[in-house]
Amino acid sequence: MPIDLFNVASNLIVLGLLEGAIYSLFALGLSLIFGVMKIFNIAHGDMGILGGYLCYWVFVMYGIDPILALVLVLPLLCLIAFCVQRFMINPAIRDPRFQIIASVMITYGIALCISNQEIIIWTPDWRSLTLPYSYLSYSIFGLTLNITRVIVLLFTVAVTIFLLVLLRTKFGKALRACTQDREVSMLMGINFGKLAWVAFAIATAISGIAGMLYTLSHTFYPAVGLVLTIKSLTVMVFGGMGSISGAFVGGILLGVAEAVVAFSLGGEYRDLVSFLVLVMVLLFKPTGIFGKVFLVPK
Amino acid sequence: MFRFKVSKTIIGHLVAILCLIPVPYVIPGYTAYVIQLLMYISMSIGWNILGGYLGDLSFGHAAFFGVGAYTVAMLDYYGICHFSPLNILLGGLLSMFIAASIGYPFLKLRGFYFAIGTLGLAEILRVVYKDLLRDYTRGARGILVPTITPYTIQPYYYAILALTFGIMLVAGAIVNSKLGLAFRAIRDDMDSARMSGINATAHRILGFSISAFIVGVIGGFFVYYTGYAHPEGVFSQVISFELLIMVYFGGVGTVLGPIVGAIIVFIVEEVGRALIQQGYLLLLAIMLIIVFILMPGGVVGTVTKKTPFINPLRARRRKLIGSA
Amino acid sequence: MSQEKVSRRSYVKYVGGVVAVAVVGAAAYGVYEATKPPPAKKEIVVGCSLPLTGVAAGDGAKFQRGLQTAVDMVNEEGGILGAKLRTIVYDDGFDESKIAPLYETLITKDNVDFLLPPYGAPMSFPALAVCEKYGKFMISGYVGAFEIMDKFGGETYFAATMSGKDDTEFPYYTTWYYKALSDFVWNFDKWNYKSGFAKPTKIAVLNENQFWGIETHKLWRPIAEQQGWDIVVDELVGMAQMDFADVITKIKLAKPDLILCEFFFFRCIPFIKQMHELGVTAPFVAMSESGMSLDWTDPAKGVGDLGNGIITFAYIPSTYHGGRVDYLRTKIPEACGLLEAGHFAAIEMIKQAVTKAGSVDTDAVKKALLTEKFETCITPVKFDDKGANTLWKPIVGQWINNKVENVWPRDITAKPIYPYSPPM
């Protein structure tokens, strides 16, 4: 009996871990945007899920595997990100005093636009992806894992490594410089405008991948975007803004915490976990676990 | 703490209210619409006290609406009290109590984090009323509150009209008083305000409580009027968002802003829903975006060229943000 | 500072003036409208609100389609008592707080003759309260709950798909949404035809956290006592919940002999998928409320073996040809679940009741509803004094190999094949 409990509990925790991997991916993108542009992109989750919907659409219309569909969808997503940033976000955040609030409100508006477009195009019904290989399962150390979960894990690791490598390149160094001090970086000759939109596009691409992974392993609907944004925000704050390892670890921890809470209290309480964690962190340790960048004052 | 000045603003409001008195007799078919509109106006004014005067944006004001609503519903359902003005008052007081008690830790968060915190509060309260306390609140089945028999709409209409006028008075009194000045000082520069001797924390808790009270009272009225309280309905994010867009569209921080914004957004919503159905939320979201790009002061702010938040003319100047 | 005061003062004057003019104009218009002589009765108006936007917009569209099909059919055939039928449908966005004002508007401003309920019991409650206020009633082909019939049935509410009290041994006549399903549980032994399957002793019970889910949830204990079951898992699942890992883990730990879950069909499928993923082998009986249109949403498409064993309640069995169901089937061939048929049946009943009563007067029509018999696309109807349908004989089907087999009642059908284990 105890071994049974251990088996079951570990299965639950591993699943929670893999849920959390998706949160980490979203948080990575959010963190990148915040670090460079100093804004909170509330539309982040929605843009990711839009990517997920687009991959789903490609699969339903043409039969192309959603993972391969990323090749088509990601550039489109980057284009959308560029337009959003250039024409909507930048004009709104001109006054640095109200940058945060203006960016929040505008990205909130954009998030609603995106989720409403999704409702119009794909209806608000629940949807799920059923692929030919959807029912494959692997048994590892006595745990049963569906293949989609394994795919999630692989992608998360890949993206994290990609980001870590990216930060060592010249571009990455410019990114880090802008994160620390924008004005000095510009004085040093970095073209901030260009860097900002490239960073935004990369972040959105990452969230597009995360969205595709989410649609691969869950039943989804348009309103899920905002929920994911809040969760990734929690992860970002919890792990420390601007910290990649923080986002990675934070996401996984959040996923496990949610699994534990859902098991002990009930599924209804699952989404509360992220709010509670967010508020607790902000009250008691605003810099997060691995915090390197402090919160922008007001 | 504050003196009651009868300014021209108050007179203007009184005139408007007087014009609205004959509505149920003159345009009886539209009374239901006007009642809804008045509810939104009152709630927008209440939100504006916290978000506009004090600068603490709340993304989850539905929390207080729901608390007020459920207080009334439960008092009536359990037969504790059937006297409606008292129940509504108690609804408002409980909302105020909740705001005051979580105010201290919450107000350590500023700006955006406070906003997310209130969003979380609304969600948490929704789950509390729906699941945690489901044995007392009937959970997802909701609570029915009987309306007056024989039914006439007039008492409800005049009740909300009186409530709206009262709330306008309160908001107007705050704006013109020393309290209002203190609020504005805290909003614009908290540190300087503190150095001038204003107890920022106490003032913010007070503003939070007043705002919560107003919205709680309207929540209580809502239950009496519609006759039903349900956790998904009264704690809904849509209510919070609508308040947000109403105030911002009208002009946050101004006196007339919430009123004008509520009227315009309400009309757009009703017409939009009738004409383009699915697209009306999209329309509202686009309006929100336009507000922030073109007229950050909202309608009232841009028209009077005086907005406490963003001077649209000044913002045009290029700052060191760079171009993209 | 003084400049502010001046601009505010003049602004107030300006706004006050505009408001005054607007109100006076509205007043004048209102007087004009009120004193206009009423137009001759050339049309009959039916009003309702539907979730045309928001999370239930897909379902709302289906309702509207069924409603429009019925209205077109009635008008093609000459209307009701010579008058054309017209509908007014408002969008409630699946938001409870909008229902009461909308129904109030339908009654007071639009002066509709008849009302249909919105989508679902929680939404119907405020609508019923409004109807009661004004002495109007609602008629429905699809929704109901024990509390609704208790409070409003027969006076304010008539439901073609709620069965009346009778003398079966199962006392909770409408606390289950469908009488057939309640009978199924009560007479559980009669359903076990799979050889080698032992009588369950430990069961897991799952309900949805909404109106009738909660009503049903309260019932399990007395039923379990009567059957000699031991309830080892007893959970309410959230309406937005599509990830059941926590619940399934509990089930895995508790090792029940049978899982009884009462979900909508589109929730059954992800649940079964996850059971499979987590290696839960207990036989399950999923009782879905969504009626026979099993191609309802994406998760059900191509569901294949996974759907095996789901018991679903047949609104319109394929063998039924009563009312105008054949017309409905030609117009909307892919459907015929509760969403399309619900309002269609209501319109059928309205037409027959008004024709029999000879007028649209509320009391006359109500009397006709309580005394006459009707034919609808779902079932023949004869209301008792609590607004429930004494002729409601629901049929239960089980989803087996991409087909729905009728499994109950036993006198009209042949093969119950339950329960099913998830495919491994």
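Residues numbered from 1 in each chain as written. Chains lettered and ligands numbered in written order. Predicted model: local features only at pLDDT ≥ 70, side-chain atom pairs only at ≥ 80, totals over all residues.

## Some words on the domain arrangement of chain B
Residues and elements named next belong to chain B. For clarity, the cut-off: Where each domain starts and ends comes from a domain assignment, either automatic or drawn from a database. Placing C-beta atoms from the backbone, we regard two residues as in contact once those atoms come within 7 Å. Runs of E in the DSSP output that reach at least two residues are strands. Runs of H or I that reach at least four are helices, and both are numbered from the N terminus. In this count, Pro and Cys sit with the nonpolar residues alongside Ala, Val, Leu, Ile, Met, Phe, Trp and Tyr, while Asp, Glu, Lys and Arg are called charged and the others, Gly among them, polar.
Per the domain assignment, the segments making up chain B are domain 1 (8-235) and domain 2 (238-316). Here the C-alpha centre of domain 2 lies 20 Å away from the C-alpha centre of domain 1. In this assembly, 21 residues from domain 1 lie in contact with 17 residues from domain 2. If you list the elements that add at least two residues to the side of domain 1 that touches domain 2, you get α3 (31-53), α4 (62-77) and α8 (154-176). Top element by residues in the side of domain 1 that touches domain 2 is α3. It accounts for eleven residues. Across the side of domain 1 that touches domain 2, the residue classes tally to twelve nonpolar, eight polar and one charged.

## Some words on helix α13 (residues 362-371) of chain C
All names here are of chain C. Inclusion rule: Here exposure depends only on C-beta density: within 10 Å of a residue's C-beta, 20 or more other C-beta atoms make it buried, 12 or fewer make it exposed, and intermediate numbers make it partly exposed, the C-beta atoms being placed from the backbone. Here, the arc refers to the directions that run from the helix axis to the C-beta atoms.
For α13, the complete set of buried residues consists of V365, K366 and L369. End-on view of α13: buried residues confined to an arc of 100°, all on one side of the axis. In α13, the exposed positions that point more than 90 degrees away from the buried face belong to D363 and T371. In the core, the buried residues of α13 are packed alongside β5 (157-159) and α12 (338-357).

## A few points about the interface of chain C and chain A
On the side of chain A, 25 residues touch chain C, which itself brings 27 residues to the contact. If you tally residues by element for the side of chain C that touches chain A, the top one is helix α9 (residues 245-254) of chain C, at seven residues. A class-by-class count of the residues in the side of chain C that touches chain A yields eleven nonpolar, nine polar and seven charged.

## Some points on the nonpolar core
Soluble globular proteins tend to bury their nonpolar side chains together. Residues and elements named next belong to chain A. Stated precisely, the cut-off is as follows: Note on terminology: a nonpolar core is a set of buried residues of type Ala, Val, Leu, Ile, Met, Phe, Trp, Tyr or Cys, with members joined through C-beta atoms within 7 Å.
Core analysis: the largest hydrophobic core is formed by 325 residues, its most contacted members being I33, A199 and I209. The leading source of residues in this core is helix α1 (residues 2-37), at 18 residues. Not counting residues up to four positions away in its chain, the partners in contact with I209 are L25, L70, F155 and V159.

## Topic: the confidence of the model for chain B
Parts of the prediction with low pLDDT should not have their coordinates interpreted in detail. Residues and elements named next belong to chain B. Condition: What pLDDT expresses is the predictor's confidence in each residue, scored from 0 to 100.
Averaged over all residues, the pLDDT of chain B is 81; the fraction at 70 or higher stands at 89%. Mean pLDDT per element in chain B: helix α17 (residues 312-315) is the minimum at 35, and α4 is the maximum at 93. Within the model, the stretch residues 310-324 combines pLDDT values under 50 with 28 contacts to residues more than four positions away or in other chains. This complex was scored by the predictor with a pTM of 0.81 and an ipTM of 0.80.

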